[in-house]
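Summary of the model geometry
One-letter residues, chain by chain:
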Amino acid sequence: MRMLEGRTNAWAGLEDVEALRERARKIRQRTISDLDRYLAEFTAAVEARGAKVRFARTAEEANAYIVDTCRRAGAELVAKSKSMASEEIRVNEALQAAGIRAVECDLGEYILQLANEHPIHIILPAIEKTAADVAELFSVVEGEPVSPQLEELAAAARRQLRKVFFSADVGLTGANFGVAQTGSICLVTNEGNGGLVTSLPKVHIALLGMERLVPTLDDLAVLLQLLPRSATGQKLTSYTRIISGPRREGESDGPEELHIVILDNGRSNLRGGRYEEMLSCIRCGACLNVCPVYRKAGGGAYGPVYSGPMAAVLVPLLVGLERAPALPHASSLCGACTAACPVKIPLHELLLELRKDLVEERVASARERLGFTLWSLAWSRPFLYRLSTSLARLAAPLAGRLGPGLVWTRGRDLPAFARRRFRDLP
Amino acid sequence: MSSLVERFLVNAEAAGFVVHRGEAPEIEGAERSTASYGLADTGSVVLAAGPDEPRARHLLPDVHVSLLSEERILPGLAELFAAVGFDLPSALAIVTGPSRSADIEQRLVVGVHGPREVHVVLLP
């Protein structure tokens, strides 16, 4: 995999990766454990720079504020740069319902929007689309055939999206980080769309997950050394932009209004509990790229927004275990995600905890719970354990002919049992 | 040449910049900016928005040229933030190479939204 190769090279430039990860982990933990203070500090600093802050408890509140801000700006067209939080609250649908068109300007997201699909990788949203697929989608927009050659496709996207950047009334972005001390937001992109949507439209709305703060610029410097390396294997992305307030006097571009919407939408559920560390996540995607389950199952399997191990932990916590009971099982618990995480979130351990909760909160089916209760009962008693292995040998030929075994053996052979048990060998 | 300038040169070229020394190239249609700082660790140029430096100037043309005084080269992000302090511009762009994307088949393509060609001119 190209992305994995890139990863090793960019890390080679760092002196002590482990120490940096440890620093990053501590910064994130310190922020999360004192989040109210940093949110207050951030809000005051943003307002002092002449921008507005709105705290949204739910997706509905965030969407209502965004739609309202767009309406007050008389907006018909919104240019968006890539933002997972905006996918999470489905702001495009809310805008559409209000008669406002939102166009995704990140190349991958633009492709998906034309195809009317959801992203399946948080860094490479359209990872499963071929150049031919893309050419077909772009041809529809151009009204004439576009060649599937990569440079042609990039040129077509540039042509089509330039019009959007220049005619959009509002630019809508996410934010990789907010800096509490200075009231700044930081946006990292490679294409430059983040820069254009925050420079040309007259209003900029940024959607910031409430946990995505860092206390100071020094802390930002630490995290910026880890985020791009973990996400795309770059030392820095092509464009790292730190925005501190709207356009100032004498400046010829930049938005007249800057609105920062801070999003809770379930994040508070994680605070103060066993899963609080998940709020340290900086959405780099490193855990996806190393996960054997993600690599087999693909991003779509995890649901419409987030994917990979971070989704398997985060989504059940945001929406409730009962609404995502399968996700904690989407892991082999091999721990590759934990080893890859730049802020050292013990992802596979959190998944195990969630599985425990599934049983304790009785989200798991009664049949499943009964099965495992009997199993643990039997295997903690030597006599029953011995009996179970004898029975298993007798029942083995049946296993391939009943229930799930029947489906499993459709494409595979059931391994044969040894004639004698290991314990019966002389 | 100081080791900082040397490191900047190597990393800027690795990031996709064409680096010149002393003389700015004459390129038709190219836009020019004066960089506030350079970062040696990553080969980046830092552009601060202001009355003389519109935010989008480095993004709109096909070819962009940054003028950078060698004495403005810092080691990395930590030193940049220490130098800028609270006196942040409305937008601070840390630019590390041309506009690029790997969104189609994970193959790299340059010049998606921003410039496909970026130059740095080092001034003594």
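Residues numbered from 1 in each chain as written. Chains lettered and ligands numbered in written order. Predicted model: local features only at pLDDT ≥ 70, side-chain atom pairs only at ≥ 80, totals over all residues.

Some details on the overall build of chain A
What counts here: Only DSSP runs of H or I reaching four residues or more are called helices, and only runs of E reaching two or more are called strands; each is numbered from the N terminus. To assign burial, the other C-beta atoms lying within 10 Å of each residue's own C-beta are counted, with C-beta atoms placed from the backbone; 20 or more indicates buried, 12 or fewer indicates exposed, and intermediate counts indicate partly exposed. Contact between two residues is assigned when their C-beta atoms, built from the backbone, lie within 7 Å.
A count of helical and extended segments in chain A gives 19 helices and 10 strands. If one aligns the C-alpha atoms of chain A with their principal axes, the spans along those axes are about 90 × 55 × 45 Å. Every one of the 426 residues in chain A was classed for burial, and the buried ones make up 46%. For chain A, the proportion of contacts with a sequence separation of at least 24, taken over those separated by at least 6, is 72%.

Some words on the overall build of chain B
Formally: Throughout, the radius of gyration refers to the C-alpha atoms, and the reference size of a globule is 2.2 Å times the residue count to the power 0.38.
What chain B contains, in helices and strands, is 2 helices and 10 strands. Mapped in sequence order, the helices and strands of chain B form the string α-β-β-β-β-β-β-α-β-β-β-β. Taken over the C-alpha trace, chain B has a radius of gyration of 14 Å; the compact-globule value for 124 residues is 14 Å, and the two agree within 12%. Structurally, chain B occupies a C-alpha span of about 40 × 30 × 30 Å along its principal axes. Residues counted as buried form 55% of the 124 residues belonging to chain B. Residue pairs in contact within chain B that sit at least 24 positions apart in sequence constitute 73% of those at least 6 positions apart.

Observations concerning the sheet that holds strand 9 (residues 239-243) of chain A
Strand pairing in a sheet is mediated by backbone hydrogen bonds. Such pairs are either parallel or antiparallel. The following threshold applies: By definition, two strands form a pair when at least two bridges between them are found by DSSP. For helices, the fitted line uses only the C-alpha atoms of the stretch in contact; every axis is such a line through C-alpha atoms, and the angle between N-to-C directions lies from 0 to 180 degrees.
Taken in spatial order, the 8 strands line up as 8(A)-5(A)-6(A)-9(A)-7(B)-4(B)-3(B)-6(B) in an open sheet, and their pairing is mixed. Only two strands of the sheet have a single neighbouring strand rather than two, namely strand 8 (213-214) of chain A together with strand 6 (73-74) of chain B. Docked against the sheet, helix 11 (residues 217-232) of chain A engages strand 5 (177-179), strand 6 (184-189), strand 8 and strand 9 of chain A, running at close to 165° with respect to strand 5 of chain A.

As for the interface of chain B and chain A
Counted only if it meets this: Ten residue types, Ala, Val, Leu, Ile, Met, Phe, Trp, Tyr, Cys and Pro, are classed as nonpolar, four, Asp, Glu, Lys and Arg, as charged, and the remainder, Gly among them, as polar.
Each partner contributes residues to the interface: chain B has 37 residues there, and chain A has 53 residues. When contributions to the side of chain B that touches chain A are tallied by element, the ones reaching two or more residues are helix 2 (77-84), strand 7 (91-95) and strand 8 (100-101) of chain B. The residue inventory of the side of chain B that touches chain A, partitioned by class, reads 20 nonpolar, 12 polar and 5 charged. Sheet topology places strand 9 of chain A next to strand 7 of chain B; 5 bridges connect them, and they run antiparallel. If you follow A:I243 over to strand 7 of chain B, its bridge partner there is B:A91.

Remarks on the packing of helix 14 (residues 308-319) of chain A against helix 16 (residues 347-360) of chain A
All names here are of chain A. To be explicit about the condition: By the definition adopted for this analysis, an angle is roughly parallel if under 35 degrees, roughly antiparallel if over 145, roughly perpendicular if from 65 to 115, and oblique otherwise. The hand of a helix crossing depends on one turn: near helix anticlockwise from the far one by less than a right angle means left-handed, and clockwise means right-handed.
Their axes nearest at 10 Å, the elements helix 14 and helix 16 cross at an angle of 40°. The angle between the axes of helix 14 and helix 16 places the two elements in the oblique class. Considering how the two elements wind past one another, helix 14 and helix 16 form a crossing that is left-handed. Residues P309, M310, A312, V313 and P316 of helix 14 lie in contact with helix 16, whose contacting residues are L347, L350, L351 and L354. Residues belonging to the contact of helix 14 with helix 16 are distributed by class as follows: 9 nonpolar, no polar and no charged.

Section: the confidence of the model for chain A
Using the following cut-off: One confidence number per residue, pLDDT, is output by the predictor and ranges from 0 to 100.
When pLDDT is averaged along chain A, the result is 91, and 98% of the positions lie at 70 or above. Residue range residues 1-7 of chain A is modelled with pLDDT below 50. Its contacts to residues more than four positions away, or to other chains, number 10 contacts.

Some details on helix 2 (residues 17-33) of chain A
Residues and elements named next belong to chain A. How we decide: To estimate how far a helix should reach, multiply one less than its number of residues by 1.5 Å. Directions are taken from the helix axis to each C-beta atom, and the arc is the one they span.
Taking 1.5 Å per residue, 17 residues should reach 24 Å; helix 2 reaches 24 Å between its end C-alpha atoms and fits that length. The set of residues buried in helix 2 consists of A24, I27, R28, T31 and I32. The arc enclosing the buried residues of helix 2, seen along the axis, measures out at 125°, which places them on a common side. Exposed residues pointing more than 90 degrees away from the buried face of helix 2 are listed as E18 and A19. Taken together, the buried residues of helix 2 touch helix 3 (35-48), strand 8 and helix 11.

Some details on the environment of A:S86
All names here are of chain A. Examined against the element boundaries, S86 turns out to sit in helix 5 (residues 84-88). For the pair formed by S86 and A59, sequence separation is 27 residues and the distance between their alpha carbons is 9.1 Å. Residues contacting S86, with those up to four places away along its chain left out, are K80, V91, L172, G174 and L207.

Focus on the sheet that holds strand 1 (residues 52-56) of chain A
Residue and element names in this part refer to chain A. A sheet is described by the order of its strands in space; here 6 strands give the open sequence 1-10-7-4-2-3, paired in parallel fashion. The outermost strands of the open sheet, each flanked by one partner alone, are strand 1 and strand 3 (101-104). If you compare each strand with its neighbour and ignore which way they point, the axes differ by 20° on average. The pairing of strand 7 (residues 203-209) with strand 10 (residues 257-263) spans 7 bridges and is classified as parallel. Note that in strand 10 the partner of L207 across the bridge is V261.

Side note on unusual backbone geometry
Its identity is not glycine, yet A:N265 carries a phi of approximately 50°, on the positive side. Overall, the presence of 20 C-beta atoms within 10 Å leaves A:N265 in the buried class.

Thoughts on the packing of helix 2 of chain A against helix 11 of chain A
Residues and elements named next belong to chain A. At a closest axis distance of 10 Å, the pairing of helix 2 and helix 11 adopts a crossing angle of 125°. Relative to helix 11, the element helix 2 is oriented oblique. In the crossing of helix 2 with helix 11, the sense of the turn from one axis to the other is left-handed. Note on element contacts: helix 11 touches helix 2 through D219, V222, L223, Q225 and L226, opposite L20, R21, R23, A24 and I27.

Brief notes about the environment of A:L153
Looking at the element boundaries, A:L153 is found in helix 9 (residues 150-167). A sequence separation of 22 residues divides A:L153 from A:A131, and the C-alpha atoms of the two residues are 8.0 Å apart. When residues no more than four places from it in sequence are discounted, the contact partners of A:L153 are A:A131, A:V134, A:A135, A:F138, A:V146, A:P148 and B:I104.

A few points about the confidence of the model for chain B
When pLDDT is averaged across chain B, the result is 95; 99% of the residues are at 70 or more. Both confidence scores are given for the complex: pTM 0.90, ipTM 0.97.

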